Every structure is written in C-alpha cells, then in structure tokens.
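Structural description and commentary
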Amino acid sequence: MEQLTVHASAQSYPVYIGENVLHQTESLLKEKLAGKSKAMIITDTNVGELYAEDLRLCLDPMLPVCVETVPNGESAKSLASYERLLTACIREGLDRQSIIFALGGGVIGDLAGFVAATYMRGIPFVQVPTTLLAHDSSVGGKTGINHELGKNLIGAFHQPSAVLYDTQTLMTLPDREWRSGFAEMIKHAYINDSEFLQWLKENVRSIEDIKTNKIRPFLKRSIAVKADIVKEDEKEAGVRAYLNFGHTLGHAIEKLAGYNGDVTHGEAVAAGMMFAMRVSNYLGLSNWDVEEEVKWLEALGFPVNIPAGFSAQTFIETMKKDKKATSGQLTFVLVEKPGCPLLKTVEEHLLYELLNNDKRGMTSGD
Ligand SMILES: NC(=O)c1ccc[n+]([C@@H]2O[C@H](COP(=O)([O-])OP(=O)(O)OC[C@H]3O[C@@H](n4cnc5c(N)ncnc54)[C@H](O)[C@@H]3O)[C@@H](O)[C@H]2O)c1
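Residues numbered from 1 in each chain as written. Predicted model: local features only at pLDDT ≥ 70, side-chain atom pairs only at ≥ 80, totals over all residues. Heavy atoms only, no water.

**What to know about the side chain of His135**
Quick reminder of the rule: A run of H or I in DSSP becomes a helix once it reaches four residues, and a run of E becomes a strand once it reaches two; helices and strands are each numbered from the N terminus. Note on exposure labels: buried denotes an accessible area under 20% of the residue type's maximum, exposed denotes more than 50%, and partly exposed covers the range between, all computed with a 1.4 Å probe on protein chains only. Contacts described as polar in this section are N or O atom pairs within 3.5 Å, which, within protein, must combine one atom able to donate a hydrogen with one able to accept it, while residues neighboring in sequence count only if both atoms come from side chains. Any two residues whose heavy atoms approach within 4.5 Å at even a single point are treated as in contact.
With respect to the helices and strands, His135 occurs in helix α6 (residues 134-137). Judged by relative accessible area, His135 falls into the buried class, the value being 0%. At a separation of 2.5 Å, a polar atom in the side chain of His135 contacts the main-chain carbonyl oxygen of Leu132. Dropping the residues within four chain positions of it, His135 is found in contact with Tyr165, Gly181, Glu184, Met185, His188, Leu219, Ser222 and Ile223.

**Let's talk about the pattern of salt bridges**
Which entries qualify depends on this criterion: Put simply, a salt bridge is a Lys or Arg side-chain nitrogen that is within 4 Å of an Asp or Glu carboxyl oxygen.
Under the definition given, this model contains 22 salt bridges. Two residues, Glu74 and Lys151, come together in a salt bridge whose shortest N-O distance is 2.8 Å. Taken together, the positions of Glu74 in the loop between β4 (65-70) and α4 (79-91) and Lys151 in strand β8 (residues 150-157) put the pair 77 residues apart, joining distant regions of the chain. Exposure class is identical for Glu74 and Lys151. Each is buried. Among the salt bridges present, the one from Asp175 reaches Lys211, with a minimum N-O distance of 2.7 Å. On the criterion of sequence distance, the pair formed by Asp175 in helix α7 (residues 175-192) and Lys211 in helix α9 (residues 207-211) is long-range, its members being 36 residues apart. Taking relative accessible area as the criterion, Asp175 reaches 31% and is therefore assigned partly exposed. Note on Lys211: relative accessible area 25%, which makes it partly exposed. Sharing partners across several salt bridges, the network here consists of Lys38, Glu68, Arg84, Arg91 and Glu92.

**Some details on the pairing of strand β2 (residues 12-18)**
Short version of the rule: Any two strands with at least two DSSP-identified bridges between them are counted as paired.
Buried residues dominate β2, accounting for six of its seven residues. In this structure, strand β1 (residues 2-7) lies alongside β2, joined through six bridges in antiparallel fashion. For Glu2, the partnering residue across the bridge sits in β2 and is Ile17. Following β1, the chain reverses through four residues before pairing antiparallel with β2. Relative to strand β9 (residues 162-166), β2 runs parallel, the two sharing four bridges. By the bridge assignment, Ile17 is partnered in β9 with Tyr165.

**Side note on unusual backbone geometry**
One non-glycine residue, Asn152, lies in positive phi territory at about 55°. As for its position among the elements, Asn152 is in strand β8.

**A short note on the site of the ligand**
This is how the line gets drawn: One heavy atom suffices: a residue is near a molecule or strand as soon as one of its heavy atoms comes within 4 Å of it. Surface accessibility follows the Shrake-Rupley procedure with a 1.4 Å probe radius. Residue values consider only the protein chains on display as shielding. Ten residue types, Ala, Val, Leu, Ile, Met, Phe, Trp, Tyr, Cys and Pro, are classed as nonpolar, four, Asp, Glu, Lys and Arg, as charged, and the remainder, Gly among them, as polar.
What surrounds the ligand is a group of 28 residues, the closest being Asp44, Glu74, Thr131, Lys151 and Thr172. One nitrogen or oxygen atom from the side chain of Thr172 is found 2.7 Å from a nitrogen atom belonging to the ligand. Here Lys226 contributes a side-chain N or O atom positioned 3.2 Å from an oxygen atom of the ligand. Considered on its own, the ligand offers 870 Å² of accessible surface; in the complex 92% of this is hidden by protein. Those elements that place two or more of their residues in the shell around the ligand are α3 (45-57), α5 (106-118), α6, β8 and α7. Here the element with the most residues in the shell around the ligand is α3; it accounts for four residues. Residues of the shell around the ligand, tallied by class, amount to seven nonpolar, eleven polar and ten charged.

**A few points about the packing of α4 against α5**
Inclusion rule: The axes are straight lines fitted to the C-alpha atoms, using for helices just the contacting stretch, and the angles between their N-to-C directions are given from 0 to 180°. The scheme is simple: roughly parallel for angles under 35 degrees, roughly antiparallel for over 145, roughly perpendicular for 65 to 115, oblique for anything else. The hand of a helix crossing depends on one turn: near helix anticlockwise from the far one by less than a right angle means left-handed, and clockwise means right-handed.
Viewed as axis vectors pointing N to C, α4 and α5 meet at an angle of 55°, and their least axial separation amounts to 10 Å. Put simply, α4 runs oblique to α5. The two elements α4 and α5 cross, and the hand of that crossing is right-handed. Where α4 approaches α5, its residues Ser81, Tyr82, Leu85, Leu86 and Cys89 are matched on the opposing element by Leu111, Phe114, Val115 and Thr118. Tallied by class, the residues present in the contact of α4 with α5 amount to seven nonpolar, two polar and no charged.

**Some details on the domain arrangement of the chain**
Cut-off, in case you're wondering: The domain boundaries here were taken from an automatic or database domain assignment. Simply put, the buried area is the total loss of 1.4 Å probe accessible area from both parts when two parts are fitted together.
According to the domain assignment, the chain contains domain 1 (2-172) and domain 2 (187-357). Placing a centre on the C-alpha atoms of domain 1 and another on those of domain 2 gives a separation of 26 Å. Between domain 1 and domain 2, the contact holds 33 residues from the first and 28 residues from the second. Buried surface at the junction of domain 1 and domain 2, summed over both partners, amounts to about 2700 Å²; 63% is from carbon and sulfur atoms. Broken down residue by residue, the surface that domain 1 buries against domain 2 is led by His135, Lys151 and Phe157, which jointly contribute 20%. Along the contact surface separating domain 1 from domain 2 lie four salt bridges. The tally of links from domain 1 across to domain 2 stands at ten residue pairs in polar contact (both at pLDDT 80 or more). At the level of secondary structure, the elements contributing two or more residues to the side of domain 1 that touches domain 2 comprise β1, β2, α6, β7 (142-147) and β8.

Next up, the structure:
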C-alpha cells in the first residue's frame, strides 16, 4: 500500500492507495471513526451492488451503517438527488457525530461530498473512489452538483477526512471509464510534468496499456500533482485553475450532450484539451503538433472530435455560463509546452473562428 498526505487549511488527510485498501478501512480509519454515532454509505446503483456490502462489512459492527443509492451517471449530480439524500440524512437520524462514505466515482464523490459539506453545516466524509478518474476528483475538496443551466455551478469546498483508493475495485470498470479517467492523468502530465508526459506517450499506446499494471505506479504520481497544487492554492485563487485545462470546452460538451452518458467527463476533457492547444497555437503562444496529440488519443480510443450537431455560437454561449467565465469573458487554461500552463482570456470572435475552422464533426453554416 502507498500513502501520501494532502495538506489543506481545514485539515491534512491521508490518501491510501493499493489493492484491498477497502478491507483495511477499520484499522486505517480507527481514530477518525472513534466516537462516531452513525455512518451513511452513499453510492450508485452499479457500485453499490459490487462494493457497498464489502465496505459495510469492513466497518466496526458496533457502528450503525445505512446505505443510500442513487442512479449511476452524471445525471445523479442534481438538485433532486441532493435533496433526496438530505432527506435520507434527516430520516436516518444522522447528527454532527456522523460520517458519510462516498463510495463510487467522481459523481458520487462530488454529490456525497456536497451533502456532507452542507448537512448540519458540515459533517465529515471519507472518499472511497472506485474509478480511475476519481484518483483526481477524490482529492482536493471540491464538491458539488450540476444545475440544468451548467455543470458544477452549485458546490462547496469540503475536504474529506481520508481517501481510501482500493485499486482492486478498478478491475470491474468498463473500458470507457478507464479511458475517461486516463484523460485526467494526461491532463496532470500536460500541465505539470513533462517527464511524466513523455513516459505516458511512450508506454501507454492502447486501452490495454491503461488497464494493465503499467500505470498503477503512476497513480500516486498523478495524485501527488493534484495534492501539490491544492496545497499551494486550495480555493482556486491562482494555480489551481490550471487543473481546468480542457474543461472550458469540456464542460460545454458535457452540458450539451445532456449528462446522459453519451460523452464521459474524460472524453469531453480530452476534446477540450485538444481545442485549447489549437487556441494557444493560434495565439502564437505554443507550437503543439496537435495532429500528433490527436493521433495518440485516438489510438487510445478517445473520440476527440467536437461533437456534431451544435453551432459554434451554442458552444460559446454554453461556455459563457460556466463558472470559469468572468463577466461573460472566456478564460482558457493554455499550455505553452508540457509543464508550462497559463490563463488567458480569449476573444469570442477567435473562438468562433476556431470552432468553425475545426472541421472535425462540426455542423457547417453556423
Ligand atoms: N471534484 C473534483 O475535483 C473533480 C475533478 C474531476 C472530475 N470531477 C467530476 O467527476 C465526475 C466524473 O467522475 P467519473 O468519471 O468517476 O464518473 P462516475 O462516477 O459517473 O462513474 C462512471 C461510471 O462507472 C461506474 N463505476 C464506478 N466505479 C465502478 C467500478 N469500480 N466498477 C464498475 N463500474 C463502476 C459508475 O456507476 C458510472 O456508471 C464528473 O461529474 C466530474 O465533474 C470532479
């Protein structure tokens, strides 16, 4: 088992990474669970069926535990699910000595974390990530839900008490979810670690490479990138914004796709990163061989095209509703070269031109 510590202002907390970490829950969390009145495991339909009972059995039999399950997928990050979970907390009698376990991928981490952040003005929670993507989302304390007008528009910073990352749970992940999570790993490499990026490009050439033990040792490295950024800028006043590389257009793609599973978060981010590279090349800030990058991602099975069916104007209007837009201006994270990110406000007419120039699947005449 590997371990690292995330330093945040409210508290520092451990991240445990390894096979069968779940089965050590009781011993790893002994102090954090001492005196707890009740635990609620929040999970989704897929993950609940696979791992909720395992987790329950790993907790002290004297601790009352209840399980709340929401439908799987991005649509669960909604006001309706949030309200239903708050009602469950009240009905089950959770109090300020209770604790929530977020058992699942990034959707559950964000949703359950937001419930924990706001129920009785905040109770502790533990992240138990079960997707590759959640190596990123479970660390750093960003919690939240979507509004029908935009993604992650409602939320809070609330750091978990611990992160238990049992890599054995990844074994049941569908290929598409491996790929989705790998996009966030690539993002960490692009913005922070050129050596890591080089290694990934040389060694990860297919979905099988993502799924094998090859990338396992790099999970800790990727989490460490995030932990370092969070330590420096917990509330996203500065460098943490670089983690949004690929997310400005990525969130718009997810929003327009309708949160129905047609596009995964990582697929949207991958397309967004390629677009951001085109933007920085266009502005003369970089010299990316975008076609080479696209080739790599396509070999891994990413659909990196901007989805057809929406006009450039629609993408721009959707991006303007994102919380990263300030006074209606669109700020992008651009990367000059691996490890050198910057924030740049990009003129709308340039985006319009670039979105329209991108013949990859865009509708014409918009
Ligand atoms: N808070 C943050 O800092 C942060 C960072 C990045 C992304 N996110 C958020 O994370 C979300 C995406 O997370 P995700 O990609 O993990 O999606 P997800 O939670 O929807 O999981 C993807 C799918 O995999 C299934 N699944 C999860 N674990 C499984 C397992 N072990 N075996 C089989 N199936 C499993 C789920 O049921 C779901 O259908 C987005 O909402 C995004 O906004 C948050």
